[in-house]
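Descriptive structure summary
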Amino acid sequence: MTHEEISTFVETLADHGDVWTPDQVLDVYGTYALPDAIKDRLSALAKLSDTIMNAAAH
């Protein structure tokens, strides 16, 4: 990812309450295309949210 793409990732995920540093993005998603990285992370957040909601319901 380029520096601009990393910034876009950080900003996009911050809008979802998921805070990342540029170094974290490079470490985890550095080899991903930006759209794929965002899609993967939003999917992970959705799964986490579902898990929390299910746990809270029981």
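Scope of this entry: the structure provided in the associated data block. (Residues numbered from 1 in each chain as written. Predicted model: local features only at pLDDT ≥ 70, side-chain atom pairs only at ≥ 80, totals over all residues. Heavy atoms only, no water.)

**With respect to the packing of aromatic side chains**
Test applied: Here the aromatic set is Phe, Tyr and Trp, taking the six-membered ring for Trp, and pairing holds for ring centres within 6.5 Å; pairs whose planes are under 30 degrees apart are stacked, those over 60 apart are edge-to-face, and all others are tilted. What counts as a helix is a DSSP run of H or I of at least four residues, what counts as a strand is a run of E of at least two, and both are numbered from the N terminus. Each residue gets one of three labels from its accessible area relative to the maximum for its type: buried under 20%, exposed over 50%, partly exposed in between, using a 1.4 Å probe on protein chains only.
Within this structure, the stated rule accounts for four aromatic pairs. The interplanar angle of 90 degrees and the centroid separation of 5.3 Å between the aromatic rings of Phe9 and Trp20 together place this pair among those described as edge-to-face. Here the residue Phe9 occupies a position in helix α1 (residues 3-14), and Trp20 occupies one in the loop between α1 and α2 (22-29), the gap between them amounting to eleven residues. Judged on exposure class, the residue Phe9 and its partner Trp20 are both buried.

**With respect to α1**
Note the threshold: Expected span of a helix: the number of residues minus one, times 1.5 Å. In this description, the arc belongs to the directions extending from the helix axis to the C-beta atoms. Any two residues whose heavy atoms approach within 4.5 Å are treated as being in contact.
Look at α1: 16 Å from first C-alpha to last across twelve residues, which is about the 16 Å you get at 1.5 Å a residue. Among the residues making up α1, those that are buried are Ile6, Phe9, Val10 and Leu13. Projected onto a plane normal to the axis of α1, the buried residues spread over an arc of 95 degrees and lie on a single side. With respect to the buried face of α1, the exposed residues turned more than 90 degrees away are Glu4 and Glu11. Against α2 and α3 (34-57) lie the buried residues of α1.

**Overview of the nonpolar core**
What counts here: To define a nonpolar core, start from buried Ala, Val, Leu, Ile, Met, Phe, Trp, Tyr and Cys residues and group those joined through side-chain atoms within 4.5 Å.
With ten residues, the main nonpolar core is built from Ile6, Phe9, Val10, Leu13, Trp20, Val25, Tyr29, Leu34, Ala37 and Ile38. Among the elements of the structure, α1, α2 and α3 are those that each provide at least two residues to this core. The leading source of residues in this core is α1, at four residues. When near neighbours in sequence (up to four residues on either side) are disregarded, Leu34 contacts Met1, Glu5, Thr8 and Phe9.

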